[in-house]
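Survey of secondary and tertiary structure
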Amino acid sequence: MPSYADVHLETPRLILRPFRHADAAHLFAIYADPDVYRYVPIGGWKHVDEAHQRIARDINTMAEGGYVRLAVERREDSRVIGEVLLFNLVPDSRRAELGYALARAAWGSGYVQEALPPLIDFGFGDMDLNRLHAVIDPRNAASARVLERMGFKHEGTLREHYIRRGETTDGGLYGLLRSDWKAHRQ
C-alpha cells in the first residue's frame with residue numbers, strides 16, 4: 001500500500017496536511033465541543049492526551065496507507081480548524097468513505113466546501129478511487145447541503161446505523177462516483 005504521510009493539499013484559504021503533535025490542543029478543542037461531536041462518531045474528549053493518541057495513530061496509519069486524515073489549517077493564522085479524511089478504504093473495489101469535522105467557531109464560513117474538492121480530487125486522482133461515500137446523521141442538514149453541493153447523491157437511509165453515547169440514530173448515505181465528480185467539475 002502507498003504511504004499517505006506526505007499528502008499536502010492547498011486552497012486559497014487553507015492548507016490540508018497530516019496532523020502533527022503540535023496540533024493536539026486545537027484538535028482537542030474541536031472534539032471536546034458537544035456542538036461538534038453531536039453528529040460524529042468520535043468526541044467528548046476530556047483530556048488533550050486523547051488528541052495526542054489520535055495523532056500518533058494517524059501518523060502510523062497514514063504511513064502504512066491505511067487512510068488519509070488531514071488537518072485543515074487556516075492560512076491567515078495557521079490555526080487547525082478541522083479535519084477531512086478518506087477512510088474505510090477498499091482497494092479492490094476502489095472505494096472509500098469521506099469524513100470531515102470543523103471547529104464550531106469556523107462553521108458557516110465555507111471552509112468544508114473549500115477543503116473537500118482537493119481531497120476528492122486526490123481520491124479520484126492519486127488514489128485512483130471510483131467511488132466515495134459519506135454517512136451522516138440525517139439531522140445534520142448543513143452537512144447534507146455540503147455533500148449535495150459537492151455532487152454527492154442521497155442514496156438512502158441506513159436505519160439505526162449508529163449508537164453514539166447511548167442514542168440510536170439513522171445514517172444518511174450519500175455517494176459520489178468518479179464520473180459524477182468529473183461532470184460536476186465541468
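This section reports on the structure supplied with the text. Keep in mind that what you see is a predicted model, and the values were worked out from it rather than measured.

Glancing now at the pattern of salt bridges. Going through the model one piece at a time under the given rule, you end up with 17 salt bridges. As a salt-bridge pair, arginine 75 and glutamate 10 come within 2.4 Å of each other at their nearest N and O atoms. On the criterion of sequence distance, the pair formed by arginine 75 in the loop between strand 3 (68-74) and strand 4 (79-90) and glutamate 10 in strand 1 (residues 9-10) is long-range, its members being 65 residues apart. For glutamate 10, a relative accessible area of 46% puts it in the partly exposed group. With its nearest N and O atoms 2.7 Å apart, the salt bridge here joins arginine 139 to aspartate 137. Looking at aspartate 137, the relative accessible area reads 1%, which means it is buried. Residues joined in a network through salt bridges with shared partners are Arg17, Arg20, Asp23 and Glu73.

Attention now goes to helix 4 (residues 111-124). Between its first and last C-alpha atoms helix 4 spans 21 Å; for 14 residues at 1.5 Å apiece the expected length is 20 Å, and the two agree. For helix 4, the full list of buried residues reads Tyr111, Val112, Glu114, Ala115, Leu116, Pro117, Pro118, Leu119, Ile120, Phe122, Gly123 and Phe124.

Here is what the cut-offs are and how they apply
- Residues numbered from 1 in each chain as written.
- Predicted model: local features only at pLDDT ≥ 70, side-chain atom pairs only at ≥ 80, totals over all residues.
- Heavy atoms only, no water.
- Salt bridge = Lys/Arg side-chain N within 4 Å of Asp/Glu carboxyl O.
- Helix = DSSP H or I, 4+ residues; strand = E, 2+ residues; numbered from the N terminus.
- Buried < 20%, exposed > 50% of the residue type's maximum accessible area, 1.4 Å probe, protein only.
- Expected span 1.5 Å × (residues − 1).

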